[in-house]
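Single-letter residue listing:
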Amino acid sequence: MNSTDPAAHEGAGHYGEALFDAGHPREAERIDDAAVIYDPVTTHRLRALGVGPGTRCLEVGAGTGTVARWLLREAGAREVVALDRDTSALGEAPEQGLRVVTADVTDESLDLGTFDLIHARFVLMHLPERRRMLARLASRLNPGGRILLGDAVELPNPQDSHSPYRRTMDAMWEALRTTIGTDISAVPTYPHLLRKEGLADVGAELYCPPLVPDGPLARFWSQTWRRMRPELEATGRVDGTTVDEALAYLSSPVLAELAPGMVLAWGQRP
């Protein structure tokens, strides 16, 4: 079954528990490897959306806090609420204007007020009822406030369905879906969904980063696959040898792949 087939079974586990335990000694490193690649794209778009001094921002799935701190230090936000189910990677030292909230964004009782900016990257795709979550986030915007959502899309090479890299990547999406419910099939609809929530100035863009041998993104995928090895093999799509070959490819000078992309979608509350 295709990993993005809406009919595929969604797992009931949670990101950070069933997979990618936040307490793993290399989890912050894995997150930061991805941030090195995606932060410049995210912050460029935030600048273009007009994020500036005096704004109150919500950073959903704050991770290690790279975007939250950029909003404070570079964009001049008045306050940034950094929300995550596990905030240990944000560090212990408080920073003026940074409010760290350890909570689940899906908690219906969670009320953090309203915001001039809401940003969520690689969050909604891992959540059940992601459509309702998008609506809830959009409803927390102040008049004139903006939302920026970033999630993954897969752009596989249709001429390559059997290489170790392709088979391992496909196994990963299936394992993510069946373990924690990840679903990227609806990501291209985000602009339409934001428009349905009554937002204006809706737009979107797609960023597909290159995979460089042993570069930050290759390291991110390598760590991801190593941590998911049992789940990858449980799909039946790959065995240990296939995963080993895919991992070796990520550090090989012959690496030549279009990595999964990130769709950024945004809109503004009138």
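Residues numbered from 1 in each chain as written. Predicted model: local features only at pLDDT ≥ 70, side-chain atom pairs only at ≥ 80, totals over all residues. Heavy atoms only, no water.

Colleague: With reference to specific residues and values, describe the overall build of the protein.
Modeller: When helices and strands are counted, the protein shows eight helices and seven strands. Expected size for 270 residues packed as a compact globule is a radius of gyration near 18 Å; at 18 Å, the protein falls within 12% of this value. Residue burial in the protein is summarised as follows: out of 270 residues, 52% are buried. Of the contacts formed within the protein by residues at least 6 apart in sequence, a portion of 75% connects residues at least 24 apart. Of the roughly 11,900 Å² that the protein leaves accessible, carbon and sulfur atoms contribute 52%. Mean positive and mean negative side-chain charge positions of the protein (28 and 38 charges, respectively) differ by 5 Å. (Helix = DSSP H or I, 4+ residues; strand = E, 2+ residues; numbered from the N terminus. Rg over C-alpha atoms; globule rule 2.2 N^0.38 Å. Buried < 20%, exposed > 50% of the residue type's maximum accessible area, 1.4 Å probe, protein only. Contact = heavy atoms within 4.5 Å. Areas by Shrake-Rupley, 256 points an atom, 1.4 Å probe, with all protein chains shown as cover. Lys, Arg positive; Asp, Glu negative; His and termini not counted. Charge placed at Lys NZ, Arg CZ, Asp CG, Glu CD.)

Colleague: Let's hear about the pattern of salt bridges: which residues, and what values?
Modeller: Oppositely charged side chains may form a pair once their charged atoms are brought near each other. Within this structure, the stated rule accounts for 22 salt bridges. The closest approach of N and O atoms between Arg56 and Glu79, which form a salt bridge, is 2.6 Å. In this pair, Arg56 is assigned in strand 1 (residues 56-60) and Glu79 in strand 2 (residues 79-84), connecting sequence segments 23 residues apart. On the accessibility criterion, Arg56 (13% relative accessible area) is buried. (Salt bridge = Lys/Arg side-chain N within 4 Å of Asp/Glu carboxyl O.)

Colleague: Residue-level account of the packing of helix 1 (residues 27-48) against helix 2 (residues 66-73), with values.
Modeller: In contact at an axis separation of 10 Å, helix 1 and helix 2 are set at 40° when each is read in the N-to-C sense. The chirality of how helix 1 crosses helix 2 is right-handed. Across the interface between the two elements, Asp32, Ala35, Asp39, Thr42, Thr43, Leu46 and Arg47 of helix 1 pack against Thr66, Val67, Trp70 and Leu71 of helix 2. Among the residues forming the contact of helix 1 with helix 2, the class breakdown is five nonpolar, three polar and three charged. (Axes fitted to C-alpha atoms, helices over the stretch in contact; angles between N-to-C directions. Left-handed = near helix turned anticlockwise from the far one by under 90°. Nonpolar A, V, L, I, M, F, W, Y, C, P; charged D, E, K, R; others polar.)

Colleague: Lay out the packing of aromatic side chains with the relevant residues and their values.
Modeller: All told, the structure shown has five aromatic pairs when counted by the stated rule. Residues Tyr165 and Tyr249 carry aromatic rings whose centres are separated by 6.0 Å and whose planes lie at 70° to one another, so their mutual orientation is edge-to-face. Taken together, the residues span a long stretch of sequence, with Tyr165 in helix 4 (residues 164-180) and Tyr249 in helix 8 (residues 240-250) at a distance of 84 residues. For Tyr165, a relative accessible area of 2% puts it in the buried group. Pairwise contacts between aromatic rings join Tyr38, Phe122 and Tyr207 into one cluster. (Phe/Tyr/Trp six-rings, centres within 6.5 Å; stacked < 30°, edge-to-face > 60°.)

Colleague: Please set out the pairing of strand 4 (residues 115-121) residue by residue, giving values where relevant.
Modeller: Of all seven residues making up strand 4, six are buried, and the element is well covered by its neighbours. The pairing of strand 1 with strand 4 spans four bridges and is classified as parallel. Bridge pairing in strand 4 places Leu58 opposite Ile118. Following the chain from strand 4 across helix 3 (residues 130-139) to the adjacent parallel strand 5 (residues 141-153), one finds a crossover that is right-handed. (Pairing = 2+ DSSP bridges. Right-handed = clockwise from strand over helix to strand, strands pointing away.)

Colleague: I'd like a rundown of the packing of helix 4 against helix 6 (residues 216-227), residues and numbers included.
Modeller: At a closest axis distance of 11 Å, the pairing of helix 4 and helix 6 adopts a crossing angle of 65°. Helix 6 is crossed by helix 4, and the crossing has left-handed handedness. Along its contact with helix 4, which presents Tyr165, Thr168, Met169 and Met172, the element helix 6 presents Trp221, Thr224 and Trp225. Partitioning the contact of helix 4 with helix 6 into residue classes produces five nonpolar, two polar and no charged.

Colleague: Requested: an account of the confidence of the model for the protein, with residues and values cited.
Modeller: Residues with a pLDDT of 70 or more make up 91% of the protein, whose mean pLDDT is 91. Note on residues 1-8: pLDDT is under 50 here. Beyond four places in sequence and across chains, it has 18 contacts. (pLDDT = per-residue confidence, 0-100.)

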